[in-house]
Amino acid sequence: MISSPLPETWHQAIWRRFKGYPTGMLGLFTVFLFAAVGIYAPLLASSNPIAILYDGTWYFPLFRYLFYGEFYTKNIDLFFNILMFTTPIALLATLLQRKHPFCALCLAIIAAVAQLIFFAFVLAFPLKSPAFNIKNTPHTLEQRSLSWPSILQHLSTYAHLNLIIHDITSEKQDKAIRSEIGARADEWLPTLWQLKQDYQKNSPLLQEQRLWLNEERKKIGFIAMPLLRPFHWEDDAAGSEQLNQRLPWWELTRSNRKDFVAALCFGVRISLVVGFLTAALVLVLAIPIGAIAGYFGGMTDIVVCRFMEIWEAMPAFFMLLFVVAIAQSKSIFLVIAIIGLFSWTGFARYLRGEMLKQRSLPYVEACHALGLNHSRIIFSHLLPNAIPPLISLIPFAIMGAISSEAGLSFLGLGEEQSCSWGILMDEGRNSFPSQSYLLWPAASLLTILLIAIALIGDALRDAIDPQK
Amino acid sequence: MLAYLVRRLLLLPVTLFCILLINFALINLAPGDPVTISEISPEGAKREDRSFAFGSDERWLQFRERYGLTLPIFFNDWPNLTMSYVQLTIKQLTNRLHRDKAQMSVKEYDALRMLFGDQSRYLMPKLLAIVSDEKSPTSERRMALRFFVRGGSLPAHIGGTVSEQERKINQAIAKDNAFLHQMLFAPQQSQAELKEIAIAVEKWYSQVEASSHFAPTALQKISIFFTQTRLCRYLSRILTLDFGTMRNDDNKLVIHEVTKRLKYSLTLSLTPLIVTFAFCLLCGLTMAWWHNSWLDHSLNLLLLILYALPIFVVAPWLIETVALRHYIPFTHTLFPLSGFTSSDAVYEQMTSLQRLADVLAHIALPLLAIMYGSLAANTRLARTAALEVARQDYVRTAKAKGIAPFSILLSHIGRNASITIVTSLASSLGVILGGSLIVETLFEIDGFGKFFYDAIVNRDYNVILFSALAGSALSLIGYLLADLAYTWLDPRLSLEDAI
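Definitions and cut-offs
Per chain, the residues get numbers from 1 upward, laid out in the order the sequence is written. Ligands are numbered from 1 and chains lettered from A, in the order in which they are written. Note on the predicted model: pLDDT of at least 70 is required for a residue's local features to be given, and 80 or more for side-chain atom pairs to be given and counted; whole-chain, interface and lining totals, by contrast, use all residues. By the criteria applied, helices consist of DSSP H or I runs no shorter than four residues and strands consist of E runs no shorter than two, each listed in order from the N terminus. Each residue is classed by its C-beta neighbour count within 10 Å, where at least 20 other C-beta atoms makes it buried, 12 or fewer makes it exposed, and intermediate counts make it partly exposed; the C-beta atoms are placed from backbone geometry. Note that contacts rest on C-beta atoms placed from the backbone: two residues are in contact if these are within 7 Å. DSSP bridges decide pairing: two strands pair if at least two such bridges lie between them. Axis definition: a line fit to C-alpha positions, over the contact stretch in the case of helices; interaxial angles, taken between N-to-C directions, run 0 to 180 degrees. Expected helix span is given by 1.5 Å per residue-to-residue step, counting one fewer step than there are residues. Every residue gets a pLDDT, meaning the predictor's confidence in that residue, from 0 to 100. By convention here, the domain bounds are inherited from an automatic or database domain assignment. Each nonpolar core consists of buried Ala, Val, Leu, Ile, Met, Phe, Trp, Tyr and Cys residues. Their C-beta atoms, within 7 Å, join them into a set. Angles below 35 degrees are treated as roughly parallel, those above 145 as roughly antiparallel, those between 65 and 115 as roughly perpendicular, and all remaining angles as oblique. For any pair of crossing helices, the crossing counts as left-handed if the nearer helix is rotated counterclockwise from the farther one by less than a right angle, and right-handed if it is rotated clockwise. Residues are grouped as follows: Ala, Val, Leu, Ile, Met, Phe, Trp, Tyr, Cys and Pro are nonpolar; Asp, Glu, Lys and Arg are charged; every other residue, Gly included, is polar.

1. Considerations on the overall build of chain A
Alright, step 1. Helix and strand counts for chain A come out as 22 helices and three strands.
Alright, step 2. Each principal axis of the C-alpha atoms in chain A carries an extent, and together these give about 90 × 60 × 50 Å.
Alright, step 3. Within chain A, buried positions represent 40% of all 468 residues.
Alright, step 4. The long-range fraction of contacts in chain A, counting pairs at least 24 apart against all pairs at least 6 apart in sequence, stands at 70%.

Structural data, given as structure tokens:
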């Protein structure tokens, strides 16, 4: 028997052609890089060390705090923290796809299910704080005394570690800043370390703590801090405007005294979520509506088209502002919902056209002759043929969504207390142009991401439709 | 052609009406009050503040009365509320208890108080009955009196233009309201005082009963059912083109303020259309002419990148590098930082030519910021269209006839490719207006976009409403223009059966 190689599938053909476009590959690589930064952001910027040898025992505070909802207060962060573990499984599935398709499918399903279950679990049963030592915590107020040893008693080792690490990082930050701007450092708002020293002068309790910290710091054998910054993006990192003007960009702090680079890293997560959720929402809305309009035609088609016309006539950006202003809850999910609601018509129109074209083809007639019902014809015969051309529109939709979200945040209508790049840029704009150093890092990252996605979209369109 | 135009124009109000309905639904069904501001403080505490937008409770109430926000949304059945409902609610409000005797939270109490206050105008006889009923407890009678006063005080006509007749009505209303509020002065009324008040109020009520419809007949109830609703008020305001006044100045009409600013916005949105059209066609045809050459590829990539650049990155970049720091060569003192013209004192002194130059220098950067995106997108579109046309049979025929390639490019390909561009540009009229919002805000040009943005920041309800409508109307007109341009440029297309 002669075993002939399997004919190339549609996806393989697209991928082969896509690889022929260097710009598209560059874009894809850049987006993957951004995604990796976003998913593994805690390894880049966090106040918890990845690993630490303390008093002869190894601790991994970063992982201990990874699913703790009061350290990562945004649900998006918790979701991505779980993604840190499911991404490798998904990657493995992609690698195995060629040789062991079944294994790959199983792995992909495992990754997706694990992601959802763990996320639901983390949301439903919030973890208790790793910092408290419940056993030793006195139950009545009288038993609590404000002496340092008694406070230590009801703090767990993780709390001890937090104190020590915070002490070390703030001293390091102080040194770095001093070496950067020299002796005049004291003139501007103090650093965290400086503040600590000031408080200690008047508080016997803190002096006691100081002695203890000095003692404990000697016990630390090895410490592996996150790669870029020793601050979580939600942590206070001190700093001030005057200080900012004399610091290199990696030492900057935001206008709410939080670390800037950490916020940049975590901001990728917001953009990714906005892009993917909006695209999903748009598809969920556009596919049924477009398919029904195109398949049934006639009166249905006219009504749907009229409706889409009306919907399109509303200027999307105005409506975004309008809704955000009225709804008053500046949540990122509201923004996503609105962007999705105002950008599905393009997809639906395209799909409708495609369905109109396909439904008069012989294979659909054959389906009718076989007596298949409408839903079967639409879902298992027409849509698989009508959707592929739609794929080339998705990158541009994602691009539009990310840019709209950033634009809204830039105008001060995004989620407050968030690390979205738009918010970071807004902070830079508020004192523009004197503080524009806060504007440009986020602006450049956003621009690079958007250009990368546009490059992918362009290459994908050429790959899907090589005639043009 | 004419029939199509008429049909299209007839469809315009229908579309606009649907947009109105959607706007209305958004305003009324969204959680929260359009005039209440709620924000989360840096400490994470949620703060709701209506005094931010309105100096006092009184003004807030006045605002809600004026825009019909005290009315129910779709239909008004409040005159049919029963006496037992009134008694129960008064009891609840006096004791701050739920029906199941549980304590009410402040928020629930406020909501009930507001709802009942809004309803009180339709419950006047019932409230009066409670006030004069000597058997019910004093506290409840006092509570009923408060709502009676709330229901009895009618809103006066406000605004810049009050006619003589309206002024007379206003005086009567003011007299009534003063009388009613007098009834509330002493917070600790005794039984005897309350009796006196009840008699006085009853007397007042019997006087005004005939003129004000506090106790509507069955016919009036039906009319109230349909007309005294938010929907009806909203539509009647729109139909009479009454968009009200600015929030912080009752003498400024919204429409007047918008038309004052429209010249800036139109300059910033129409000029790009013309420039884009010319540039796109030129560039697109060039790229199609040297199809697949290095020029084509590099321009294509460049335009893609331009298309992907967000406007809120480009605009600050232009301000900083060109206008402020002069990093780009030859930009010393040439481009002012912000505004549409120089300050009035300087501008008045200039000759016409100088004025033109002044305006051009001022709007060069904003125009660039508004244009580059649509420039990039439409040039790529022009290229695709030109390539598409170049594949057609008639172009091949023209080539076979021996017409010079350049004249084919211009009169055969160029004309047909321009159809796509015109359509795309015309339908982007509304979008351009939205895009200029960021630019106007950053360059501090006092146009339509900045006006709207300020309205959102200041919660100016009227302006927000009007701007959303005007934006929709503009983009509808844009679509209409696009269709007309299509028929005009492409005689092959018959729109008679397109609709």
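Now that the structure has been shown, the text picks up again.
2. Description of the overall build of chain B
Alright, step 1. Of regular secondary structure, chain B possesses 20 helices and two strands.
Alright, step 2. Taken across its 499 residues, chain B has 31% of its residues classed as buried.
Alright, step 3. Counting contacts in chain B only where the partners sit at least 6 residues apart, residues at least 24 apart contribute 70% of the total.

3. Observations concerning unusual backbone geometry
Alright, step 1. The backbone of A:Asp55 shows a phi angle near 55°, a positive value even though the residue is not glycine.
Alright, step 2. Examined against the element boundaries, A:Asp55 turns out to sit in the loop between β1 (51–54) and β2 (57–59).
Alright, step 3. Classification of A:Asp55 as exposed rests on a count of 12 C-beta atoms within 10 Å.
Alright, step 4. Positioned with a positive phi, B:Glu444 is a non-glycine residue whose angle comes to about 55°.
Alright, step 5. Within the fold, B:Glu444 resides in the loop between α18 (429–443) and α19 (448–457).

4. Some points on the sheet that holds β2(A)
Residue and element names in this part refer to chain A.
Alright, step 1. The antiparallel open sheet is built from three strands, whose spatial order is β2-β1-β3. Across the chains shown, the open sheet's two edge strands, defined by having one partner strand only, are β2 and β3 (220–224). Between one strand and the next, the sheet's axes are offset by a mean angle of 15°, whatever the strand orientation.

5. A short note on the pairing of β1(A)
Residues and elements named next belong to chain A.
Alright, step 1. Residues of β1 alternate between two faces, with Ile-52 and Tyr-54 buried on one and Ala-51 and Leu-53 left unburied on the opposite face.
Alright, step 2. With four bridges connecting them, β1 and β3 associate as antiparallel partners. The residue of β3 that forms the bridge with Tyr-54 is Ile-220.
Alright, step 3. Strand direction decides the pairing type here: β1 and β2, joined by three bridges, are antiparallel.

6. What about the environment of B:Met183?
Residues and elements named next belong to chain B.
Alright, step 1. Tracing the backbone shows Met-183 in the loop between α7 (164–182) and α8 (191–208).
Alright, step 2. Spatially, the C-alpha atoms of Met-183 and Leu-194 are 9.3 Å apart, while their sequence positions differ by eleven residues.
Alright, step 3. In this view, Met-183 contacts Leu-145, Val-149, Ile-197, Ala-200 and Val-201; residues no more than four positions away in its chain are not counted.

7. Points about helix α8 (residues 157–181) of chain A
All names here are of chain A.
Alright, step 1. For α8, spanning 25 residues, the distance from its first C-alpha to its last is 36 Å, which sits close to the expected 36 Å at 1.5 Å a residue.
Alright, step 2. Regarding α8, the residues found buried are His-160, Leu-161, Ile-165, Thr-169, Ser-170, Gln-173, Asp-174 and Ile-177.
Alright, step 3. At its buried positions, α8 is contacted by β1, β2, α4 (61–64), α9 (192–202), α10 (204–217) and α11 (241–244).

8. Topic: the confidence of the model for chain B
All names here are of chain B.
Alright, step 1. Overall, the prediction assigns chain B a mean pLDDT of 77, with 86% of residues at 70 or greater.
Alright, step 2. Here residues 38–55 scores under 50 on pLDDT; set against residues more than four positions off or in separate chains, the count is 24 contacts.
Alright, step 3. Scoring the predicted complex yields pTM 0.83 and, for the interface, ipTM 0.83.

9. What to know about the confidence of the model for chain A
Alright, step 1. For chain A, the mean per-residue pLDDT works out to 84, and 91% of the residues sit at or above 70.
Alright, step 2. At the level of individual helices and strands, chain A shows its lowest average pLDDT in helix α14 (residues 316–327) of chain A, which scores 71, and its highest in helix α2 (residues 22–39) of chain A, which scores 94.

10. Points about the domain arrangement of chain B
Alright, step 1. Entries for chain B in the domain assignment read domain 1 (75–228) and domain 2 (262–446).
Alright, step 2. Computed from C-alpha atoms alone, the centre-to-centre distance between domain 1 of chain B and domain 2 of chain B is 61 Å.

11. Observations regarding the nonpolar core
The nonpolar side chains of a soluble globular protein tend to be buried, and buried together.
Alright, step 1. A:Cys265, A:Met319, A:Leu320, A:Leu351, A:Leu450, A:Ile453 and B:Ala315 are the most contacted members of the largest nonpolar core, which totals 171 residues.
Alright, step 2. Looking at this core, the element that brings in the most residues is helix α12 (residues 260–296) of chain A, giving 20 residues.
Alright, step 3. Membership of the second largest hydrophobic core comes to 22 residues, among which are B:Leu123, B:Met124, B:Met143 and B:Met183.

12. Details of the packing of α8(A) against α9(A)
Alright, step 1. Put simply, α8(A) and α9(A) touch, their axes get as near as 7 Å, and they point 115° apart. Within the contact between the two elements, α8(A) uses A:Ser170, A:Glu171, A:Gln173 and A:Asp174 and α9(A) uses A:Leu192, A:Trp193, A:Gln194 and A:Lys196.

13. Comments concerning the environment of B:Trp317
All names here are of chain B.
Alright, step 1. Tracing the sequence through the fold places Trp-317 in helix α13 (residues 311–324).
Alright, step 2. Look at Trp-317 and you get partly exposed, because 18 C-beta atoms sit within 10 Å.
Alright, step 3. For Trp-317 and Ala-369, which are 52 residues apart along the polypeptide, the C-alpha to C-alpha distance reads 9.7 Å.

14. Some points on the packing of helix α20 (residues 394–410) of chain A against helix α22 (residues 440–464) of chain A
Residues and elements named next belong to chain A.
Alright, step 1. Orientation of α20 relative to α22, taken along the N-to-C sense of each, is 160°, at an axis distance of 8 Å. The pairing of α20 with α22 is recorded here as roughly antiparallel in orientation. Crossing of α20 against α22: the hand is left-handed. Of the residues in α22, those touching α20 at Pro-395, Phe-396, Ile-398, Met-399, Ile-402, Ser-403 and Ala-406 are Leu-446, Leu-449, Leu-450, Ile-453, Ala-454, Ile-456, Gly-457 and Leu-460.
Alright, step 2. Taken together, the residues of the contact of α20 with α22 break down into 13 nonpolar, two polar and no charged.

15. Remarks on the environment of A:Trp440
Alright, step 1. Turning to its location among the elements, A:Trp440 is positioned in helix α22.
Alright, step 2. Sequence-wise, A:Trp440 and A:Trp249 are 191 residues apart; in three dimensions their C-alpha atoms are separated by 9.9 Å.

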